[in-house]
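Close look at the chain arrangement
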Amino acid sequence: QHIYTYTGTILLAMNPFERLPIYSEVLMAGYKGARMGAQPPHVYAVAEAAYQRLTKTSQSQSILVSGESGAGKTETNKQLMYYLAWRSKSSGGVETLAEAILQSNPILEAFGNAKTGRNNNSSRFGKFIRIHFDPKGGVGGAVMATYLLEKSRVVFQGPSERNYHAFYMLQAGADGGERKAL
């Protein structure tokens, strides 16, 4: 149940394919202000290191999340965003803006994620998120760019695969007449 380890300054994660009790604000607090390696390997440590470098140097920081389908990239990105939003609030950032950025995830997932043979919530697009921080370390805004949407999925899905979640949400929410028309 220890899914993280380091290789140098790179965090490696193994998708456990189950929910583990390893994400919470209580755990986040243990990484706040800690240097990389002072706490057990965790995605929070990577986010904290980037946050510390950003606030100390005022220079842009990048975190790259990479892996094959089903590796846990979407969940890892969510945890990075939760940590950075939490960290910015603890530094006097605007809570509503950080929360608004986090709340955009389900909308993006509805229109860009689908069930595949290996993953029930597979992202079928790429996403680049630029978070802007104010001089005090609070979230000041964000810009998101999406790319490489798998358009062919709209008209064809392989065996044991599904279309984008939004189509099933529309069907579930439609009344009888609307469902029949669709």
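Source: prediction; values computed, not measured.

**Notes on the overall build of the chain**
When its secondary structure is counted, the chain shows six helices and six strands. Each helix and strand of the chain, ordered N terminal to C terminal, gives the series β-β-α-α-α-α-β-β-β-β-α-α. The dimensions of the chain, computed from C-alpha atoms along their principal axes, are 55 × 35 × 30 Å. If you take every contact in the chain between residues at least 6 apart in sequence, the share linking residues at least 24 apart comes to 49%. If the 20 positive side-chain charges of the chain are averaged to one point and the 13 negative ones to another, these points end up 5 Å apart.

**Focus: empty space enclosed by the protein**
Within this structure, the stated rule accounts for two cavities of 30 Å³ or more. Approximately 50 Å³ is the volume found for the largest cavity. Considering the residues around the largest cavity, the lining is formed by Met81, Leu84, Ala85, Ala98, Ile101, Leu102, Ile131 and Val139. When the residues that make up the lining of the largest cavity are grouped by side-chain class, the tally is eight nonpolar, no polar and no charged. Approximately 40 Å³ is the volume attributed to the second largest cavity. Around the second largest cavity, the lining residues are Tyr6, Tyr31, Ala34, Arg35, Met36, Gly37, Ala38, Gln39, Ala45 and Glu48. Of the residues in the lining of the second largest cavity, the class split is six nonpolar, two polar and two charged.

**A look at a nonpolar patch on the surface**
On the surface, Val154, Val155, Phe156 and Phe167 cluster together into a nonpolar patch covering about 440 Å² of accessible area. On the secondary structure map, Phe156 appears in the loop between strand E6 (139–147) and helix H5 (165–173).

**Things to note about the layout of surface pockets**
Estimates place the volume of the second largest pocket at around 510 Å³. In this structure, the second largest pocket is lined by 22 residues; those nearest its centre are Ile10, Leu11, Ile63, Leu64 and Val65. Only strand E2 (10–13), helix H2 (43–57) and helix H3 (73–90) provide two or more residues apiece to the lining of the second largest pocket. Per-element tally for the lining of the second largest pocket: the top contributor is H2, with five residues.

**What about the pattern of salt bridges?**
Side chains that differ in charge, positive against negative, can pair when their charged atoms come close. As enumerated under the stated definition, the model contains eight salt bridges in all. Of the charged contacts in the structure, one is a salt bridge between Glu75 and Arg19, with a shortest N-O distance of 3.5 Å. Here the residue Glu75 occupies a position in helix H3, and Arg19 occupies one in the loop between E2 and helix H1 (25–31), the gap between them amounting to 56 residues. The partly exposed category is assigned to Glu75, whose relative accessible area is 31%. Its relative accessible area of 72% is what places Arg19 among the exposed residues. The closest approach of N and O atoms between Glu68 and Arg118, which form a salt bridge, is 2.6 Å.

Calculation rules
- Residues numbered from 1 in each chain as written.
- Predicted model: local features only at pLDDT ≥ 70, side-chain atom pairs only at ≥ 80, totals over all residues.
- Heavy atoms only, no water.
- Helix = DSSP H or I, 4+ residues; strand = E, 2+ residues; numbered from the N terminus.
- Contact = heavy atoms within 4.5 Å.
- Lys, Arg positive; Asp, Glu negative; His and termini not counted.
- Charge placed at Lys NZ, Arg CZ, Asp CG, Glu CD.
- 1 Å grid on protein atoms, 1.4 Å probe; cavity = no way out; pocket = protein on both sides within 12 Å on 5 of 7 lines; lining within 4 Å.
- Points joined across faces, edges and corners; volume = space filled by probe spheres on them.
- Nonpolar A, V, L, I, M, F, W, Y, C, P; charged D, E, K, R; others polar.
- Patch = residues over 30% accessible without salt bridge, like charges linked within 9 Å, V, L, I, M, F, W, Y side chains within 5 Å.
- Areas by Shrake-Rupley, 256 points an atom, 1.4 Å probe, with all protein chains shown as cover.
- Salt bridge = Lys/Arg side-chain N within 4 Å of Asp/Glu carboxyl O.
- Buried < 20%, exposed > 50% of the residue type's maximum accessible area, 1.4 Å probe, protein only.

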